[in-house]
Amino acid sequence: MQRIIRIEDSYRELYEYIRERKFTTLMIVVDSSFEKLSSFEKIMRIEKECGCRLVRFSDFVPNPLYSSVEKGVELFKTEGCEAVMAVGGGSAIDVAKCIKLYATANTKENYLAQKVLPNDIELIAVPTTAGTGSEATRFSVVYHNGEKQSVSDESIVPHIVVLDAALLYTLPSYQKKSTLCDAFFHAAESFWSINSTSSSKETSKSVILRIIENYKKYLSGDRKICAEMQIAAYDAGRAINITQTTAGHAMSYKLTSMFGISHGQAVALANCGLIEYMIANTDKCIDVRGKNYLKSVFEELSEIMGGSTVSDLPVLFDEFVDYMQFEVPTATPEQLKVLSESVNPVRLKNNPVSITPKDAYEIYKNILTR
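On a predicted model such as this, the values are computed, not experimentally measured, just so you know.

Some remarks on the overall build of the protein
1) Next: A tally of helices and strands in the protein yields 15 helices and 8 strands.
2) Next: The C-alpha radius of gyration computed for the protein amounts to 20 Å, which stays within 12% of the reference 21 Å derived for 370 residues, consistent with globular compactness.
3) Next: Based on the C-alpha atoms only, the size of the protein along its principal axes is roughly 60 × 50 × 35 Å.
4) Next: In the protein, buried positions account for 56% of the 370 residues.

See below:
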């Protein structure tokens, strides 16, 4: 059972937990912005407050590489670490998850090729953005030989999640908008996923309502909303932990690498094109609950967002994303072809409407040649 620590002013509860666990050496996985965080000194006080040595690992980049995981595992072992704590966004948490998972694996073989053997190494996550939801999921992503590799196991769901709203106060505007979009579309994709349940849909619905109600205040700098957005992002992660993501995410990855835009922006663009396609092609429904069920899902989603009919839904998506004022890249026919061929069909299996490479080409064309 995951434990949530919500920080008001003090990290006292986290210190107490570390003392209770009697950790003597803790690896902290942090990115280059760690020293600028409002929590920096409080995290570093773990050494004094808990008598626990901190081993810092920062040798990774956004969209982390497998080689970074190898280095992290090596450091974890050589320094005699007993647990892992990630302080950062999705990349830091993903790397920490893999270090935790592979710390007991065979170092002579590629970790990604080995059978997952869960261990009891504890993982603490301190998310510094409100968006990825990685702190709530069993998933991690690393890149090996230029290819995205997904790692999934229940054992990498963090044991402890520390939510400190103050970490969102100084987020750069673009990062704030991008991660917000990631959280919103996690919830939307989970809502229509073929794996959705009544429980996951209720969670997704609460996230969407919370974001729609508060996103303008959040982006304008209202600090009172930050804690609310952290919970929304966390709950969106809980939803996709049940359902997984759908075509919007599958179609986003190449957009990020091709145009140098953030993951959240890419997901937002892909989903704006995707929703139009799905509403127009419910006859291609692959959800076993049928196309009438799918139509009702879109109707309900439109209503949640304040619309009256299904046809309002693409407009509502566009209005939400347009508010972010993202600069939308323009693609050439050659780039559209590369994009449409890049989508892994395996990653489309959770989408309720089937998508061929030709369909993907048209979706990309609609969003990148307007």
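Picking up after the structure, the text goes on.
Points about unusual backbone geometry
1) Next: The phi torsion at Lys22 lies on the positive side, around 60 degrees, for a residue other than glycine.
2) Next: Considering the arrangement of structural elements, one finds Lys22 in the loop between helix 1 (12-21) and strand 2 (25-30).
3) Next: Under the relative-accessibility criterion, Lys22 is labelled exposed at 67%.
4) Next: Here Asn145, not a glycine, exhibits a phi torsion of approximately 55 degrees, which is positive.
5) Next: Along the chain, Asn145 falls in the loop between strand 6 (139-144) and strand 7 (147-152).

Notes on the sheet that holds strand 2
1) Next: What the 6 strands build is an open sheet, ordered 1-8-5-4-2-3; its pairing is parallel. A single partner strand is all that each edge strand has here, and the edge strands are strand 1 (3-7) and strand 3 (53-57). Across the sheet, the axes of successive neighbouring strands diverge by a mean angle of 20 degrees, strand direction being ignored.
2) Next: Here strand 1 runs beside strand 8 (residues 160-164); their pairing, made up of 5 bridges, is parallel. Counterpart to Ile7 in the pairing with strand 8 is Asp164.
3) Next: The strands that helix 8 (residues 226-243) touches are strand 1, strand 5 (122-127) and strand 8; relative to strand 8, the one it contacts most, it runs at about 150 degrees.

Things to note about empty space enclosed by the protein
1) Next: Applying the stated rule across the entire model yields 1 cavity of 30 Å³ or more.
2) Next: Ala130, Leu180, Ala183, Ile211, Tyr218, Met229, Ala232 and Ala233 are the residues that line the largest cavity.
3) Next: Those elements giving two or more residues to the lining of the largest cavity turn out to be helix 6 (173-192), helix 7 (198-219) and helix 8.
4) Next: Broken down by element, the lining of the largest cavity gets its largest block of residues, 3 residues, from helix 8.
5) Next: The residue inventory of the lining of the largest cavity, partitioned by class, reads 8 nonpolar, no polar and no charged.

As for the nonpolar core
1) Next: Among the nonpolar cores identified, the biggest contains 68 residues, and Phe185, Trp192, Ile211, Tyr218, Phe317, Phe320 and Tyr364 are the most heavily contacted of them.
2) Next: Top element by residues in this core is helix 11 (residues 263-280). It accounts for 10 residues.
3) Next: Excluding residues that lie within four positions of it along the chain, Phe320 makes contacts with Leu180, Cys181, Phe184, Phe185, Ile211, Ile212 and Tyr215.
4) Next: Counting residues in each nonpolar core, the second largest holds 26 residues, with Tyr17, Ile28, Ile43 and Leu167 among its members.

Focus: helix 5 (residues 90-102)
1) Next: The end-to-end C-alpha distance of helix 5 is 18 Å, a good match for the 18 Å that 13 residues give at a rise of 1.5 Å each.
2) Next: In terms of residue burial, helix 5 counts as a mostly covered element, since 12 of its 13 residues are buried.
3) Next: Those residues of helix 5 that fall on the buried side of the exposure criterion are Gly90, Ala92, Ile93, Asp94, Val95, Ala96, Lys97, Cys98, Ile99, Lys100, Leu101 and Tyr102.

Points about the layout of surface pockets
A water-sized probe, rolled over the atoms, reveals where empty space remains.
1) Next: Of the volumes computed, that of the second largest pocket is approximately 390 Å³.
2) Next: Tyr143, Gly146, Lys148, Tyr253 and Lys254 are, among the 16 residues lining the second largest pocket, the residues nearest its centre.
3) Next: At the level of secondary structure, the elements contributing two or more residues to the lining of the second largest pocket comprise strand 7 and helix 10 (253-259).
4) Next: Of all the elements, helix 10 adds the most residues to the lining of the second largest pocket, at 4 residues.

Description of the packing of aromatic side chains
Each aromatic ring pair is characterised by the separation of its centres together with the angle its planes make.
1) Next: Under the criterion given, the structure shown has 14 aromatic pairs.
2) Next: Measuring from centroid to centroid gives 5.0 Å for Phe34 and Phe40, while their planes differ by 75 degrees, and the two rings are edge-to-face.
3) Next: For Phe34, a relative accessible area of 0% gives the class buried.
4) Next: Here the aromatic rings of Phe184 and Phe185 are separated by 4.9 Å at their centres, their planes lie at 90 degrees, and the arrangement is edge-to-face.
5) Next: Here Phe184 falls in the buried class, since its relative accessible area comes to 0%.
6) Next: An aromatic cluster is built from Phe184, Phe185, Trp192, Tyr215, Phe298, Phe317, Phe320 and Tyr323, whose rings are joined through pairwise contacts.
7) Next: Directly above the ring of Tyr253 sits Lys148, whose terminal nitrogen or CZ lies 4.3 Å from the centroid.
8) Next: It is Lys201 that lies over the ring of Phe191; its NZ or CZ is 5.0 Å from the centre.

Section: the pairing of strand 8
1) Next: Counting buried residues along strand 8, 5 of its 5 residues qualify, which places the element largely inside the surrounding structure.
2) Next: Alternating residues of strand 8 divide into Ile160, Val162 and Asp164 and Val161 and Leu163, and every residue in both groups is buried.
3) Next: Judged from the 2 bridges that link them, strand 5 and strand 8 form a sheet pairing that is parallel. By the bridge assignment for strand 8, Ile124 is matched with Ile160.

Describing the pattern of salt bridges
Pairing is possible between side chains that carry opposite charge, provided their charged atoms lie close to one another.
1) Next: All chains considered together, the criterion is met by 16 salt bridges.
2) Next: In this structure, the salt-bridge partner of Arg21 is Glu122, at a minimum N-O distance of 2.5 Å. Here the residue Arg21 occupies a position in helix 1, and Glu122 occupies one in strand 5, the gap between them amounting to 101 residues.
3) Next: Its salt-bridge partner being Arg210, residue Glu228 comes within 3.4 Å of it at the nearest N-O pair. Residue Glu228 is found in helix 8, and its partner Arg210 is found in helix 7; the two are separated by 18 residues along the sequence.

How each quantity is defined
- Residues numbered from 1 in each chain as written.
- Predicted model: local features only at pLDDT ≥ 70, side-chain atom pairs only at ≥ 80, totals over all residues.
- Heavy atoms only, no water.
- Helix = DSSP H or I, 4+ residues; strand = E, 2+ residues; numbered from the N terminus.
- Rg over C-alpha atoms; globule rule 2.2 N^0.38 Å.
- Buried < 20%, exposed > 50% of the residue type's maximum accessible area, 1.4 Å probe, protein only.
- Pairing = 2+ DSSP bridges.
- Axes fitted to C-alpha atoms, helices over the stretch in contact; angles between N-to-C directions.
- Contact = heavy atoms within 4.5 Å.
- 1 Å grid on protein atoms, 1.4 Å probe; cavity = no way out; pocket = protein on both sides within 12 Å on 5 of 7 lines; lining within 4 Å.
- Points joined across faces, edges and corners; volume = space filled by probe spheres on them.
- Nonpolar A, V, L, I, M, F, W, Y, C, P; charged D, E, K, R; others polar.
- Core = buried A, V, L, I, M, F, W, Y, C linked by side-chain atoms within 4.5 Å.
- Expected span 1.5 Å × (residues − 1).
- Phe/Tyr/Trp six-rings, centres within 6.5 Å; stacked < 30°, edge-to-face > 60°.
- Lys NZ or Arg CZ within 6 Å of the ring centre and 35° of its normal.
- Salt bridge = Lys/Arg side-chain N within 4 Å of Asp/Glu carboxyl O.

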